[in-house]
Amino acid sequence: MKKTTGMNRDVTQKWRPATQAIRGGTWRSEHGETSEALFLTSGYTYDDAATVAARFAGEQEGMTYSRLQNPTVAMLEERIALMEGAEACRAQASGMAAMTAALLCQLSAGDHCVAARAAFGSCRWLVDHLLPRFGIETTVIDSADNDAWEAAIKPNTKVFFFETPANPTLDIVDLRHVCDLAKAHGITTVVDNAFCSPVLQRPMEFGADVVAYSATKLMDGQGRVLAGAVCGSLQFIDEVLLPFQRNTGPNCAPFNAWVVLKGLETLELRAQKQSENALRLGQFMESRVAQMLHPGLASHPRHELAMKQMAACGPIFSFIVDGRAQAHAILDALELIDLSNNIGDARTLMCHPASTTHAGLSEEDRAEMGVAEGMLRINVGLEDVEDIIVDMDRALSAAGL
Ligand SMILES: *Cc1c(COP(=O)(O)O)cnc(C)c1O
């Protein structure tokens, strides 16, 4: 296979992000195809026994088995790494495979992990249930309180784990402060950047060590496949993540990697337009809903910080109405907006976290995280924003708002 410029860092690193999103990682076969090829293969063949021995010994470059390498997946990994400004990236089967791998590859019994209390339900499950089962201590804190991070540090603290903005409370973490603090204590920061993607926020520019993704969300952007990614230094990816990944196998399927590759080509346009639509809708709703959790609005307690860290407010925000019954009444009155717990999609989707994404947690745990019974989360899509506003207007009125 011909290594085209897309795989040559000397060339691709000079490109601006929009160019990297289209051409970064492109690795053409001898056919010279314009669109990336989809290599649906689990194995590879070799001309002779010496070649296969050299590949397994790591003395010769090349594929051996798709749990270890696959050309389509490699293209996605290189493109995400370039867009993130990371030395390396490994694609994963899903966002949760990425979070699990990013934590378990580096934590051992006796280590301590500090995590944000506001988080995606399954991320909290890792922290509350999975890590402790293996003797890893965890502490959850209010991630928007800068002092809480320092107060939680112990001699055995190895990892800080958080989302910003957080799902579904839209809590914003001060990336510069928390990453500087981690560096000073030899702690590795793992940032779940699912709500932003690299076109809206690049945590490594603020000193983050590891950035992990649900590529299911904005990167695919059209609600088709599950995928994930972990980005970090070459040393972290090769020496810490890869031994874990190659032997446990949370790999991204080539077909899913190919779909996400295509999604990345339009990511910047979608993320910008969806952010614009989300800001317009938020501004419209402000006079009708008492509690808006929207990083693009001045009413957000960390609005200024959010706008410093993020290129735009992103497509997702939440708001709180008067309890579960009113929240469900709004959902039931929607005509255009779909009732769905997915996010990052080109369609506008709305859900009630307490009875869906966060239903697995107890009511006390939800209250502690800020997931109120009356909270609704919305992913604003690419439809004409006037149609979204009309639908929201009617649904709010139907519920008495
Ligand atoms: C969706 C999501 C995940 C999990 O991703 P999957 O691709 O669904 O496994 C993790 N973190 C955040 C913040 C998410 O929104």
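The shown structure was predicted, so the numbers you read here are calculated from the model rather than taken from an experiment.

Asks: When you look at the side chain of lysine 217 in this model, what are you seeing that I'm missing?
Replies: Structurally, lysine 217 can be placed in the loop between β6 (210-214) and β7 (228-232). Buried charged residue lysine 217 carries no salt bridge. Nearest counter-charge: aspartate 192, at 7.3 Å. If we skip the residues at most four places from it in the chain, lysine 217 touches Ala194, Asn342, Ile343 and Gly344.

Asks: I tried to follow the pattern of salt bridges on my own but got confused; where do I start?
Replies: Opposite charge on two side chains lets them pair, provided their charged atoms get close. Summed over all chains, the structure comprises 23 salt bridges. Lysine 183 is the salt-bridge partner of aspartate 209, the closest N and O atoms lying 3.6 Å from each other. Of this pair, aspartate 209 sits in the loop between β5 (188-192) and β6 while lysine 183 is found in helix α8 (residues 175-184), placing the two residues 26 residues apart along the sequence. Since its relative accessible area comes to 49%, lysine 183 is described here as partly exposed.

Asks: What is the right way to read the nonpolar core from this model?
Replies: In a soluble, globular protein the nonpolar side chains are often hidden away together inside. Counting residues in hydrophobic clusters, the biggest one holds 51 residues, and the most contacted among them are Leu76, Ile80, Trp149, Phe160, Phe162, Val260 and Leu264. Considering every element that reaches this core, the biggest residue donor is helix α4 (residues 71-84), with seven residues. Discounting residues that sit within four places of it in the chain, isoleucine 80 has contacts with Cys89, Met219, Ala229, Cys231 and Leu264. In this structure, Cys113, Cys123, Val159 and Phe161 belong to the second largest nonpolar core, which totals 27 residues.

Asks: Got a minute to help me understand the layout of surface pockets in this structure?
Replies: Over the atoms, a rolling probe the size of a water molecule traces out where space has been left empty. The space that makes up the largest pocket amounts to roughly 1200 Å³. Lining the largest pocket we find 45 residues, and of these Trp27, Glu61, Met63, Gln69 and Ala74 sit closest to its centre. Elements that contribute at least two residues to the lining of the largest pocket include exactly α3 (49-56), α4, β1 (88-92) and α9 (234-248). For the lining of the largest pocket, the leading source of residues is α4, giving six residues. Along the lines of polarity and charge, the residues of the lining of the largest pocket split into 19 nonpolar, 13 polar and 13 charged. In this structure, the second largest pocket occupies an estimated 320 Å³ of space. Lining the second largest pocket are 21 residues; nearest its centre among them are Met96, Phe120, Asn167, Ser214 and Lys217. Partitioned by chemical class, the residues of the lining of the second largest pocket number nine nonpolar, eight polar and four charged. No fewer than three residues from each of domain 1 (2-264) and domain 2 (268-398) sit in the lining of the second largest pocket.

Asks: Would you explain empty space enclosed by the protein in this entry?
Replies: Enumeration over the complete set of coordinates arrives at one cavity of 30 Å³ or more. By volume, the largest cavity amounts to about 40 Å³. Taken together, the elements giving at least two residues each to the lining of the largest cavity come down to β2 (112-116), α6 (121-133) and β4 (157-163). Looking at the lining of the largest cavity, its residues break down into seven nonpolar, no polar and two charged.

Asks: Sorry, what's going on with the UniProt feature "modified residue: N6-(pyridoxal phosphate)lysine" (unreviewed entry) in the chain here?
Replies: The UniProt entry lists Lys217 under the feature "modified residue: N6-(pyridoxal phosphate)lysine" (unreviewed entry), expressed in the numbering used here. Classification of lysine 217 as buried rests on a relative accessible area of 13%.

Asks: Looking at this model, I keep getting lost on the sheet that holds strand β3 (residues 137-141). Mind explaining?
Replies: Taken in spatial order, the seven strands make up an open sheet running β1-β7-β6-β5-β4-β2-β3, and their pairing is mixed. Each edge of the open sheet is held by one strand with a lone partner, namely β1 and β3. Here the strands of the sheet are splayed against their neighbours by 20° on average, with no regard to which way each runs. Relative to β4, β2 runs parallel, the two being bridged by four bridges. The residue bridging cysteine 113 from the neighbouring strand is valine 159, located in β4. Helix-sheet contacts for helix α5 (residues 95-104) involve β1, β4, β5, β6 and β7, and the interaxial angle to β6 is about 155°.

Asks: Mind showing me how you'd approach the packing of α4 against helix α10 (residues 254-265) here?
Replies: The packing of two helices is summarised by the inter-axis angle and the distance between the axes. Here α4 crosses α10 at 35°, and the two axes come no closer than 8 Å. Once α4 is placed against α10, the crossing between them reads as left-handed. Contact with α4, carried on its side by Thr72, Val73, Met75, Leu76, Arg79, Ile80 and Met83, involves Pro254, Ala257, Trp258, Val260, Leu261, Leu264 and Glu265 of α10 and no other residues of that element. Class assignment of the residues belonging to the contact of α4 with α10 gives a composition of 11 nonpolar, one polar and two charged.

Asks: How should I be thinking about α3 in this particular structure?
Replies: Since the α-helix packs 3.6 residues into each turn, any two residues three or four apart lie on the same face. At the N-terminal end of α3, a side-chain oxygen is found 3.3 Å from the backbone nitrogen of alanine 50, two or three residues along, and the residue is aspartate 48. Glycine 58 sits one or two positions beyond α3 and adopts a positive phi of about 75°.

Asks: Please clarify how the packing of aromatic side chains should be interpreted in this entry.
Replies: To describe a pair of aromatic rings, one takes the distance between the centres and the angle between the planes. Summed over all chains, the structure comprises three aromatic pairs. Here tryptophan 149 and phenylalanine 160 contribute two aromatic rings whose centre-to-centre distance is 4.9 Å and whose plane-to-plane angle is 55°, an arrangement assigned as tilted. On the criterion of sequence distance, the pair formed by tryptophan 149 in helix α7 (residues 146-152) and phenylalanine 160 in strand β4 is long-range, its members being 11 residues apart. By relative accessible area, tryptophan 149 is classed as buried at 0%. Here the aromatic rings of tryptophan 149 and phenylalanine 162 are separated by 5.3 Å at their centres, their planes lie at 70°, and the arrangement is edge-to-face. Taken as a pair, tryptophan 149 in helix α7 and phenylalanine 162 in strand β4 lie far apart in primary sequence, 13 residues in all. Assigned by exposure class, tryptophan 149 and phenylalanine 162 land together as buried. Taken together, the ring pairs in this structure connect Trp149, Phe160 and Phe162 into an aromatic cluster. A cation over a ring is seen here: lysine 217 above phenylalanine 120, with NZ or CZ 5.0 Å from the ring centre.

Quick notes on the rules
Residues numbered from 1 in each chain as written. Predicted model: local features only at pLDDT ≥ 70, side-chain atom pairs only at ≥ 80, totals over all residues. Heavy atoms only, no water. Helix = DSSP H or I, 4+ residues; strand = E, 2+ residues; numbered from the N terminus. Buried < 20%, exposed > 50% of the residue type's maximum accessible area, 1.4 Å probe, protein only. Lys, Arg positive; Asp, Glu negative; His and termini not counted. Salt bridge = Lys/Arg side-chain N within 4 Å of Asp/Glu carboxyl O. Contact = heavy atoms within 4.5 Å. Core = buried A, V, L, I, M, F, W, Y, C linked by side-chain atoms within 4.5 Å. 1 Å grid on protein atoms, 1.4 Å probe; cavity = no way out; pocket = protein on both sides within 12 Å on 5 of 7 lines; lining within 4 Å. Points joined across faces, edges and corners; volume = space filled by probe spheres on them. Nonpolar A, V, L, I, M, F, W, Y, C, P; charged D, E, K, R; others polar. Domains from an automatic or database assignment. UniProt positions renumbered as here; feature names shortened; annotations may be inferred. Pairing = 2+ DSSP bridges. Axes fitted to C-alpha atoms, helices over the stretch in contact; angles between N-to-C directions. Left-handed = near helix turned anticlockwise from the far one by under 90°. Polar contact = N/O pair within 3.5 Å; in protein donor to acceptor, adjacent residues only side chain to side chain. Phe/Tyr/Trp six-rings, centres within 6.5 Å; stacked < 30°, edge-to-face > 60°. Lys NZ or Arg CZ within 6 Å of the ring centre and 35° of its normal.

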